[in-house]
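For reference, the chains in residue letters:
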Amino acid sequence: MRAETEQMGGSLAKLANGIEVFDAPTLDALETLAPITLPAAFALTARGFKIPAQAALTAYVWSWLENQVLAAVKLVPLGQVAGQRLLVALGAMIPAVVATAMATGDDDLSTFAPGFALASARHETQYTRLFRS
């Protein structure tokens, strides 16, 4: 998962730099952040486009949700219409999720997720070319 987020973050940073979204201080920061994760690259790119934090977070959550539903459509198989229904239903929850995230302080954040770690470890041994090639 780390390799994935660093690869995606590096690709986004390279794209944003190529279309000249970043100012000089951001370019300097990129050097100290290397390798950069996808969330950090997304945040810097949103900053470069002067997108307000709430709108940027909403876009990030939507893009994550859309990718998860797309994976479900391909893997379950779920079907296109069912996938769109999921996007409509779950997409309606995004404003509340964003509001909660914006109101959560740094001291209330944690990366402790043992169940997620176990599921990820099991997924590592599965063969699929769907997510990385």
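In case you missed it, the structure is sitting above this.
In this text, all values refer to a predicted model and were calculated from it rather than measured experimentally.

1. Quick look at the packing of aromatic side chains
Counted according to the given criterion, the structure contains one aromatic pair. Between Phe42 and Tyr60, the aromatic rings sit 5.0 Å apart at their centres with planes inclined by 70°, giving edge-to-face as the arrangement. Here Phe42 is found in helix H3 (residues 38–48), whereas its partner Tyr60 is found in helix H4 (residues 53–75), with 18 residues between them in sequence. Classification of Phe42 as partly exposed rests on a relative accessible area of 23%.

2. Some details on the environment of Ala56
Relative to the helices and strands, Ala56 is located in helix H4. The class for Ala56 is buried, based on a relative accessible area of 12%. Separated by 47 residues in the primary sequence, Ala56 and Ala103 have C-alpha atoms spaced 15 Å apart. If sequence neighbours within four positions are ignored, Ala56 has contacts with Phe42, Ala46 and Ile51.

Each value, and the rule that gives it
- Residues numbered from 1 in each chain as written.
- Predicted model: local features only at pLDDT ≥ 70, side-chain atom pairs only at ≥ 80, totals over all residues.
- Heavy atoms only, no water.
- Phe/Tyr/Trp six-rings, centres within 6.5 Å; stacked < 30°, edge-to-face > 60°.
- Helix = DSSP H or I, 4+ residues; strand = E, 2+ residues; numbered from the N terminus.
- Buried < 20%, exposed > 50% of the residue type's maximum accessible area, 1.4 Å probe, protein only.
- Contact = heavy atoms within 4.5 Å.

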